[in-house]
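Topology and contacts: notes
Below, each chain spelled out in residue letters.
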Amino acid sequence: MLKLIQSFRRENLVWLGLSVLAILLDQWTKHIASTHLTYGEAQPVFPSLDWTLLHNHGAAFSFLSDAGGWQRYLFTGLAIIVSVLFIGWLLRLPRDTKVLATGIALVLGGAIGNLIDRMSLGYVVDFISVYYNGHYFPSFNLADSAITLGTIFLIIDMLFLDKIRQSKKDQASNDSK
């Protein structure tokens, strides 16, 4: 346990700040949507974008929303476990992993933002509605946007940057021999 604590890097606390910012923006916009929008009534913003207050009792894209209630506890438990793991991972990252850290921080902030809704309300507040030619994308919120953007950063790191870091490590190892 002591070794785990010693592996935490103080400078990585800034990434938790990014997570907190994502949570605060998410909760603030959900509060505005909940107090200023009428449930299910679209308020046009731009062509192909409406504000529409909806309650999501399921997971992404309302997956399992009509499953009878047990899904709330499943998604809450999963979000708590993933959040704890992501915090530990984030605090131990080396300095040269800024894209990875950004991705983890955004996913963490989004997950906690939706977790707050699920625990306090029993559902997640969604209010962003995007559509084209009468075809609607499932409504979402800023937490979902943070999770999506964070996942893109994680994929970029995994596909490109991790290989570069590994190549540099291998080069340094070969140079020291």
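This text gives an overview of the structure that appears in the document. This structure is a prediction, so every number in the text was calculated from the model and none was measured.

1. Quick look at the side chain of Asp117
Here Asp117 lies in helix 4 (residues 98-121). Leaving out residues up to four positions away in the same chain, Asp117 has contacts with Gln27, Lys30, Gly122, Tyr123, Val124 and Val125.

2. Focus on the pattern of salt bridges
All told, the structure shown has 3 salt bridges when counted by the stated rule. Ionic pairing is found between Glu11 and Arg95, a salt bridge with its closest N-O pair at 3.2 Å. Taken together, the residues Glu11 in the loop between helix 1 (2-6) and helix 2 (13-36) and Arg95 in the loop between helix 3 (70-92) and helix 4 connect sequence positions 84 residues apart. Judged by relative accessible area, Glu11 falls into the partly exposed class, the value being 37%. With a shortest N-O distance of 2.8 Å, Lys30 and Asp26 are connected by a salt bridge. With Lys30 and Asp26 both in helix 2 and 4 residues apart, the pair spans about one turn of that helix. On the accessibility criterion, Lys30 (3% relative accessible area) is buried. Here the residues in one salt-bridge network are Asp26, Lys30 and Asp117, joined through shared partners.

3. Some words on the sheet that holds strand 3 (residues 124-132)
Pairing within the open sheet is antiparallel, and its 4 strands lie in the order 1-2-3-4. Of all the strands in the sheet, the pair left with one neighbour each is strand 1 (43-46) and strand 4 (135-136). Relative to strand 2 (residues 49-56), strand 1 runs antiparallel, the two being bridged by 3 bridges. The residue of strand 2 that forms the bridge with Pro44 is Asp50.

4. Observations regarding helix 2
The first and last C-alpha atoms of helix 2 sit 35 Å apart over 24 residues, in line with the 34 Å expected at 1.5 Å per residue. Those residues of helix 2 that fall on the buried side of the exposure criterion are Trp15, Ser19, Ala22, Ile23, Asp26, Thr29, Lys30 and Ala33.

5. Let's talk about the nonpolar core
Listed in full, the 11 residues of the largest apolar core are Trp15, Phe86, Leu90, Leu93, Leu100, Ala101, Ile104, Ala105, Val107, Leu108 and Leu154. Of all the secondary structure elements, the ones that give two or more residues to this core are helix 3 and helix 4. The biggest single contributor to this core is helix 4, with 6 residues. The residues touching Val107, leaving out its near neighbours within four places in the chain, are Phe86, Ala146, Ile147, Gly150, Thr151 and Leu154. Within the second largest apolar cluster, 9 residues are counted, among which are Ala33, Leu37, Leu49 and Leu53.

Rules and cut-offs
Within any chain, residue numbers begin from 1 and follow the written order of that chain's sequence. With the structure being a predicted model, the display of local features is reserved for residues of pLDDT at least 70 and the display and counting of side-chain atom pairs for 80 or more, all residues being used for whole-chain, interface and lining totals. Neither water nor hydrogens contribute to the side-chain values; these are computed over all heavy atoms in the structure. Only runs of H or I of at least four residues qualify as helices and only runs of E of at least two qualify as strands under DSSP, and these elements are numbered from the N terminus. Two residues qualify as a contact provided that any one of their heavy atoms is within 4.5 Å of a heavy atom in the partner residue. We define a salt bridge as a contact between a side-chain nitrogen of Lys or Arg and a carboxyl oxygen of Asp or Glu at a distance within 4 Å. Note on classification: 1.4 Å probe, protein chains only; a residue is buried when its accessible area is under 20% of the maximum for its type, exposed when over 50%, partly exposed between these limits. Strand pairing is assigned whenever DSSP detects at least two bridges linking the two strands. By definition here, a helix of n residues has an expected span of 1.5 Å times n minus one. Here the nonpolar core consists of buried residues drawn from Ala, Val, Leu, Ile, Met, Phe, Trp, Tyr and Cys, with membership extended through side-chain atoms lying within 4.5 Å.

Shape descriptors only; they carry no functional weight alone.
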